[in-house]
Amino acid sequence: MKKISFYLMAFLAVTAISCNKPVNPTPEPDPDDNGGEIIEEPETPSYDGTFSQVVISPSSDGVAMMALVGTPDGKFAAGSNFMSGNPAVWDIENKDVVDIANISGDAFGISAKGTAVGQGRDVNAGEDSFNNYAFIGKGTNGSFLYYNPDVEEIYDEFWGETYTVPVEDGSAAYTINEEENLIAGFYYNGYSPRPCIWKTPFTAATDRINLPIPTNEELGFPIDGAEVRWMSADASVLCGFVVDDTASWPLVIWNRQADGTYVVDPVCAAFFHPYEWEPAEPVTVPYMMFHPCSISANGEWVALTVQEYSDEFDVPTTAARFNLKTKELVICENGDFEPGCISNDGTVVGSTMQSMWDPKPVHSYVWKAGEKSAIDVAEMVGSEAFDAYAETKMCYIAPDNSYALGYGIDENFNTTSFVLK
């Protein structure tokens, strides 16, 4: 049984920067220029990724919010209710958590209107339904995106029995655009993931469109499918990875064309080669891991986990950011963490990885744009509310760096989410 705790709330007041409006040179008062007085007009605040205040998600006997993603304006967050096992949306403004009650699973993406997408199972499907499928949901109810419902029979020679299995072993929706008319993710064609998009109304076979996958020849190594996980705000750039033999999941990009179709760009080919015990030819690329973790809303930056190519197995992984326009790759000097999200200027939030083989506490970091190293969030925030967490996981940062989002676990294993401002 998982427990929850009660929380403190705090807010940060942001002062707008002003500019001057030219003074009307005529002596006559004019309503349009306030009688010749200087008019102060607020500009958009500038944020640099420094946080000092903590807002904790609501708590009750049935709520333990695990937030995975937020909206740019900071009104909503989505993830799962760890107590119920349902996808959930945290209405940050109204201090409320709402379960998508008819689905068991997780929400991975959310629109500005609070519509969530993710992967889950129909809670009323019965014990024989093991596969999880892509869904869209708002409020307490969700519905599944199109997937092939056909089944096929497989004969098991060892046991001498015939089994009925789904043609598609599952699907997942990871991101939804601002207009809520396009969702991106993947589905399993057998055991291989196939990248795709769904268009409204999302329910017909023609609403699901396959995306191109780079060939083995284009990449220089064999793959078995690909997945889309992230998209730019206008859906012009989709970000994901191909599934290679070493499960390092290297970066690929899909760029939208004038006719609405997407063309795949195997970005990783210039940087990545999967580890080989005895390579037939010398490996000339620098990395044996080039794994994407997020794309910025403007479609310019990708947050990555990279690992230098080596004959050694213990080469550390490190956080990095890659500019899709300039092709600049920047390595974090103290990047012993996995990026969770990246903003429009390249600011990254992330957390150290947790492993059953290395059960050290998980810490969170902010790696500001233009900086060489990252800052521990606990030291930056310095709040009693944040100090209550034994471990934290940073999952999202707003495109303008105005807030960040994650979840934490205290010493009693209570799970809650937080907003940093």
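Residues numbered from 1 in each chain as written. Predicted model: local features only at pLDDT ≥ 70, side-chain atom pairs only at ≥ 80, totals over all residues. Heavy atoms only, no water.

1. Topic: the overall build of the chain
So, step 1. Along its length, the chain carries three helices and 32 strands.
So, step 2. Within the chain, counting contacts between residues at least 6 apart in sequence, those at least 24 apart form 47% of the total.
So, step 3. Counting every atom, the chain has about 20900 Å² of accessible surface; 51% of that belongs to carbon and sulfur. (Helix = DSSP H or I, 4+ residues; strand = E, 2+ residues; numbered from the N terminus. Contact = heavy atoms within 4.5 Å. Areas by Shrake-Rupley, 256 points an atom, 1.4 Å probe, with all protein chains shown as cover.)

2. Considerations on the side chain of N148
So, step 1. Locating N148 in the fold gives a position in the loop between β11 (141-144) and β12 (151-156).
So, step 2. The buried category is assigned to N148, whose relative accessible area is 18%.
So, step 3. Discounting chain neighbours no more than four positions away, the residues touching N148 are V167, E168 and R208. (Buried < 20%, exposed > 50% of the residue type's maximum accessible area, 1.4 Å probe, protein only.)

3. Digging into a nonpolar patch on the surface
So, step 1. A contiguous nonpolar patch, built from F158, W159 and Y163 and spanning about 430 Å² of accessible area, is present on the exposed surface.
So, step 2. Along the chain, F158 turns up in the loop between β12 and β13 (161-166). (Patch = residues over 30% accessible without salt bridge, like charges linked within 9 Å, V, L, I, M, F, W, Y side chains within 5 Å. Salt bridge = Lys/Arg side-chain N within 4 Å of Asp/Glu carboxyl O.)

4. Examining the pairing of strand β30 (residues 389-397)
So, step 1. For β30, the tally of buried residues reaches seven of nine residues, placing the bulk of the element in the interior.
So, step 2. In the sheet, β30 pairs with strand β31 (residues 404-410) via seven bridges, with the strands oriented antiparallel. Bridging across to β31, I397 finds its partner in A404.
So, step 3. In this structure, the hairpin formed by β30 and β31 is closed by a connection of six residues, where N401 is found at a positive phi of approximately 70°. (Pairing = 2+ DSSP bridges.)

5. A short note on the environment of N81
So, step 1. As for its position among the elements, N81 is in strand β5 (residues 76-81).
So, step 2. Accessibility expressed as a relative area gives 2% for N81, which makes it buried.
So, step 3. The sequence separation of N81 and M66 amounts to 15 residues, and the corresponding C-alpha distance is 6.1 Å.
So, step 4. Apart from the residues lying within four places of it in its own chain, the contact partners of N81 are G62, V63, A64, N86, A88 and D99.

6. Side note on unusual backbone geometry
So, step 1. Looking along the chain, the bond that leaves T200 and enters P201 is cis, with omega of 10°.
So, step 2. As for its position among the elements, P201 is in the loop between β16 (192-199) and β17 (208-210).
So, step 3. Located in the positive-phi region is E180, a residue other than glycine, with phi close to 65°.
So, step 4. Residue placement: E180 occurs in the loop between β14 (168-176) and β15 (182-189).
So, step 5. Despite not being glycine, F413 shows a phi value in the positive range, around 70°.
So, step 6. Relative to the helices and strands, F413 resides in the loop between β31 and β32 (415-420).
So, step 7. When its relative accessible area of 62% is taken as the criterion, F413 is described as exposed.

7. Things to note about the nonpolar core
One broad rule of soluble globular proteins: the nonpolar side chains tend to lie buried together.
So, step 1. Core analysis: the largest hydrophobic core is formed by 41 residues, its most contacted members being V54, W90, F386, L405, F418 and L420.
So, step 2. Of all the elements, β30 adds the most residues to this core, at four residues.
So, step 3. Non-local contacts of L405, meaning those with residues more than four positions away in its chain, are made with A67, V69, G70, A77, W90, K393, M394, C395, Y396, F418 and V419.
So, step 4. Counting 35 residues, the second-largest nonpolar core is a separate cluster that includes I197, C239, V302 and A320. (Core = buried A, V, L, I, M, F, W, Y, C linked by side-chain atoms within 4.5 Å.)

8. Let's talk about the pattern of salt bridges
So, step 1. By the definition in use, this model includes three salt bridges.
So, step 2. In this structure, R208 and E168 form a salt bridge, with 2.7 Å as the shortest nitrogen-oxygen distance. Pair noted here: R208 is in strand β17 and E168 is in strand β14, with a separation of 40 residues, a long-range link.
So, step 3. You can call R208 buried: its relative accessible area is 13%.

Honestly, it's all geometry; don't read function into it.
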